[in-house]
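# Geometric and topological summary
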Amino acid sequence: MELVDHLRDERNKAQFDVEAMKVVWAGSPQELQLCDRMANLVANHPAFEKLKRPMLVRKELFKNSLRKAAYARKLVIDLGLSEEEAKWLRFYIDEPTYPDLHWGMFIPAIEGQGSEEQKEKWLPLSRNMQIIGCYAQTEMGHGSNVQGLETTATFDAQQDHFIIHSPTLTSTKWWPGGLGKVSTHAVVYARLIVNGEFHGVHGWYNYYSFSFFLYLEDHSPLPGITVGDVGLKFGNGAYNTMDNGLLRFHHVRIPRNQMLMRVSQVSREGKYMQCDDVPRQLIYGTMVSVRQTIVAMVSRTLSRAVCIATRYSALRRQHSSSSLVVPCFLMIDYQSQQSRLFPLLASAYAFKFVGEWLKWLYTDVKQRLEANDFSTLPEAHASTAGLKSLTTSATVDGIEECMKLCGGDGYLVSSGLPELFAVSVPACTYEGDNTVLMLQVARFVVKTVSEVGYKEPLGTSSYIRRLNTLLHNNCLVQTGEDWVKGDRIVEAFEARAARMAVTCTQHLAKFQDPEQGFSELSADLVEVAVAHCQLIVVSKFVEKLAQDIPGKGVKEALEVLCYVYALFLVHKHQGDFLVTGYLTPKQASLANRQLRILYSRLRPNAIALVDAFNHTDHYLSSVVGRYDGNVYPNLYQAAFNDPFNDSHVPDGYHQYIHPILNQTLAKL
Ligand SMILES: CCCCCCCC/C=C\CCCCCCCC(=O)SCCNC(=O)CCNC(=O)[C@H](O)C(C)(C)COP(=O)(O)OP(=O)(O)OC[C@H]1O[C@@H](n2cnc3c(N)ncnc32)[C@H](O)[C@@H]1OP(=O)(O)O
Ligand SMILES: Cc1cc2nc3c(=O)[nH]c(=O)nc-3n(C[C@H](O)[C@H](O)[C@H](O)COP(=O)(O)OP(=O)(O)OC[C@H]3O[C@@H](n4cnc5c(N)ncnc54)[C@H](O)[C@@H]3O)c2cc1C
């Protein structure tokens, strides 16, 4: 049967080379080839079917996810896949499961915080999955406030042991992924007590289960340990494939050498030693690593939602305002639809490029940390925390908007959007609540501003070096066209960020107690941090455009996206730009007018731009976002694929509907 491409006319409108854009989106021809191979491996393997997921009850769902993880592991071994390939394989399976935490947090925690000897001993076991680990930091009473953790690790010099204990209910470890049912091991964060003295929170390599090797049938916990799952979470399917767990210790003994000893050590004699040249913040290092990974991945999540909403918008017709009878307008041709959709499309590209940059920054920091150079850690912390916060919040809001952009059909599970929303929304909380992370960025920015004159701002804060110019020179834009110049846009974002940061720093200086000031001004400080982070995203997009980008029309299409992203933000936050005095109302309205012109330039490329994401239909798992655009017959069929339609007479019909119809309710 011949396949009909319902989006062919839209595809023919493209003004750029889609294959070349695919390379830009993927990062390189090699990355494109790798992702394509892994995506198709998953799409073509029946083990990874996922459409029935939302219909399954938790126990079936969980078993199903274990089966998929086991198949994935088998494929990794059978096909001899590299760690990078295995990572993409897991990504395209598209189901949160214990390996995410094992590979994403447990192993990095040992790598970053273990001594050489510890790494030699535990890493091979972990990498071969002879043990499965998780990252147990959060407690029932303490998530954001890591210093407040209550679990204790008391050194017993006589037996050369640590005694791990949960002294209160609120000290129960609460939320760690993979902990509830699967892991055999955990990196546990606890307060160190040596000779009755507290030494802050540290990480311990700990085992809490009898089943050291997975093939043991008995998976009951060790004496003194209570472990379980925290319970059903938001959205059927979604994050319920993960066994987020709870864990309590009752005076559990572990050998002294299971304390992760890179940052500090306890000797056989019970002497606490902090390594002089290693900052304490390194125990937070795993979080920096995962926040970077989240930013590297988040653009794919947003691109998926945008791909679905763009394809459906380019197919579905609605009535024009002049004729309520003839359906003529494609949804995508409504200005109002474009003004909601195109900034999200531009954001997906913007987040991709900032993610690439952050990966570079993190790789550099990691190499420095290995060589005991900690100078760039604060910048890495602020950038990973801020960008994780900015991009996940925008992505989750974006998915919800895409759902609405598809009208009623977006709300159907078969659109793929509700599950995508449910699985993504905890990203605003896990790995650091987004507001708490923005407050960390604000601390960094305010500190940088306060130190001007005696400490040179570096990296992402180097614009603060030009504080005088940014505070006193106002915007030079006179026409709409003036707004589509990279350096002008970056300068506008720099001026806004600098002015907001200086105002907040001045307000803070009025408080005698800086912490009280910080607390009272926290809402403003979050806005300062957002301005700083948006500047990073915009400037990295502009820097990307300065590179050599091959392919017919590719650079031009990216330029439009970059300006859409930036001018959409200028419009959305015009209050900031106006209040700081950088823009006049006339300049702000020119930005908005230019934005509309950019939407019309983006319009013919819209479908090609989402095709360039190279998503398979399996990954999208969306009837309305199908590549071939053959939506309506499949939407109809999907309704009948729902087991609820197996019978015309649902359970309970005879019992509860007949009495109403027969007016025999008294018999109930
Ligand atoms: C939208 C869809 C996206 C999909 C993407 C899919 C990708 C998949 C990838 C992956 C799968 C992941 C699956 C989920 C996994 C979830 C796992 C978890 O959730 S693990 C728990 C995380 N828990 C937190 O994050 C707690 C947050 N709290 C904190 O980090 C701290 O407590 C903090 C920073 C809020 C406060 O720390 P203080 O109490 O020590 O206080 P202060 O004074 O603020 O900090 C002291 C100094 O330390 C620095 N600092 C703080 N954190 C740092 C860090 N991480 N690195 C370096 N320095 C740090 C600060 O800048 C400050 O420095 P100075 O003294 O000013 O120079
Ligand atoms: C799906 C999921 C997976 C997770 N996986 C893991 C894991 O593998 N390992 C692990 O250890 N943990 C994990 N967590 C826990 C997660 O890291 C915490 O939920 C997160 O750090 C936030 O902490 P909290 O839940 O205690 O929120 P809270 O800190 O109680 O925050 C609640 C509210 O208070 C506000 N708030 C808190 N502190 C401040 C402050 N100082 N200033 C201003 N406002 C503040 C926040 O903005 C938020 O609005 C996971 C959580 C989820 C949802």
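Residues numbered from 1 in each chain as written. Chains lettered and ligands numbered in written order. Predicted model: local features only at pLDDT ≥ 70, side-chain atom pairs only at ≥ 80, totals over all residues.

## Focus on the site of ligand 1
By nearness alone, 34 residues border ligand 1, and Val146, Gln281, Tyr284, His381 and Gly432 come closest of all. For the shell around ligand 1, the leading source of residues is helix α8 (residues 285-313), giving 8 residues. Of the residues in the shell around ligand 1, the class split is 15 nonpolar, 16 polar and 3 charged. (Near = placed C-beta within 6 Å. Helix = DSSP H or I, 4+ residues; strand = E, 2+ residues; numbered from the N terminus. Nonpolar A, V, L, I, M, F, W, Y, C, P; charged D, E, K, R; others polar.)

## Some points on the sheet that holds strand β4 (residues 173-174)
Taken in spatial order, the 3 strands of this open sheet run β4-β8-β7, and their pairing is antiparallel. Only two strands of the sheet have a single neighbouring strand rather than two, namely β4 and β7 (225-229). Here 2 bridges tie β4 to strand β8 (residues 245-249), and the two strands are oriented antiparallel to one another. Bridge pairing in β8 links Trp174 to Leu246. (Pairing = 2+ DSSP bridges.)

## Quick look at the confidence of the model for the protein chain
A residue-level look at the protein chain finds 96% of positions with pLDDT of 70 or above and a mean pLDDT of 92. With pLDDT under 50 throughout, residues 207-218 is counted as low confidence; its partners more than four residues away or in other chains account for 24 contacts. For this predicted complex, the interface confidence score (ipTM) comes to 0.98, while the overall pTM stands at 0.96. (pLDDT = per-residue confidence, 0-100. Contact = placed C-beta atoms within 7 Å.)

## Let's talk about unusual backbone geometry
The backbone of Asp160 sits at a positive phi, close to 60°, despite the residue not being glycine. With respect to the element layout, Asp160 can be found in the loop between β2 (152-156) and β3 (161-165). Assessed through the 15 C-beta atoms surrounding it within 10 Å, Asp160 is described here as partly exposed. With phi around 50°, Asn195 is a residue other than glycine that occupies positive phi space. The topology assignment puts Asn195 in the loop between β5 (185-194) and β6 (197-207). (Buried ≥ 20, exposed ≤ 12 C-beta atoms within 10 Å, placed from the backbone.)

## Thoughts on the nonpolar core
In terms of nonpolar packing, the biggest core is built from 187 residues, with Cys402, Val564 and Tyr565 touching the most fellow members. Among the elements that take part in this core, helix α9 (residues 335-370) stands out by supplying 16 residues, more than any other. Those residues in contact with Val564, other than ones at most four positions away along the chain, are Phe342, Pro343, Ala346, Leu595, Leu598 and Leu602. (Core = buried A, V, L, I, M, F, W, Y, C linked by C-beta atoms within 7 Å.)

## Some points on the UniProt feature "binding site: FAD" (unreviewed entry) in the protein chain
Residues annotated by UniProt as "binding site: FAD" (unreviewed entry) correspond here to Thr138 and Gly177. For this annotated set, covering 40 residues, all C-alpha atoms fall within 10.6 Å of each other, a compact arrangement in space. With respect to the helices and strands, the residue Thr138 is situated in the loop between β1 (133-136) and β2. For Thr138, a count of 19 C-beta atoms within 10 Å puts it in the partly exposed group. Setting aside residues up to four positions removed in sequence, Thr138 forms contacts with Gly143, Lys173, Trp174, Trp175 and Pro176. Mapped onto the elements, Gly177 comes out in the loop between β4 and β5. Since 25 C-beta atoms lie within 10 Å of it, Gly177 is described here as buried. Each residue touching Gly177, except ones within four places of it in the same chain, is listed here: Tyr98, Asp100, Leu101, Cys134, Met242 and Asn244. (UniProt positions renumbered as here; feature names shortened; annotations may be inferred.)

## Details of the site of ligand 2
Residues in contact with ligand 2 amount to 21 residues; listed here are only the nearest, Gln137, Thr138, Gly143, Ser144 and Trp175. When residues of the shell around ligand 2 are traced back to their parent elements, those giving at least two are β1 and α13 (434-450). Broken down by element, the shell around ligand 2 gets its largest block of residues, 3 residues, from α13. For the shell around ligand 2, the residue count by class is 10 nonpolar, 10 polar and 1 charged.

## With respect to the UniProt feature "active site" (unreviewed entry) in the protein chain
The UniProt record annotates "active site" (unreviewed entry) at Glu431. Relative to the assigned elements, Glu431 resides in the loop between α12 (417-424) and α13. The class of Glu431 is buried, set by 25 C-beta atoms lying within 10 Å. Not counting chain neighbours up to four residues away, the residues in contact with Glu431 comprise Met287, Val290, Arg291, Ile294 and Lys388.

## With respect to helix α4 (residues 58-78)
Over its 21 residues, α4 runs 30 Å from end to end, which matches the ideal 30 Å to within 8%, given 1.5 Å per residue. Of the positions making up α4, those classed as buried are Leu61, Phe62, Ser65, Lys68, Ala69, Ala72 and Leu75. For α4, the angular spread of buried residues about the axis comes to 140°, placing them on one side. Pointing more than 90 degrees away from the buried face of α4 are the exposed residues Lys59, Glu60, Lys63, Arg67, Ala70, Lys74, Ile77 and Asp78. Against the buried residues of α4 lie α5 (83-93) and α6 (98-113). Count one or two residues on from α4 and you reach Gly80, which has phi positive near 60°. (Expected span 1.5 Å × (residues − 1). Arc of directions from axis to C-beta.)

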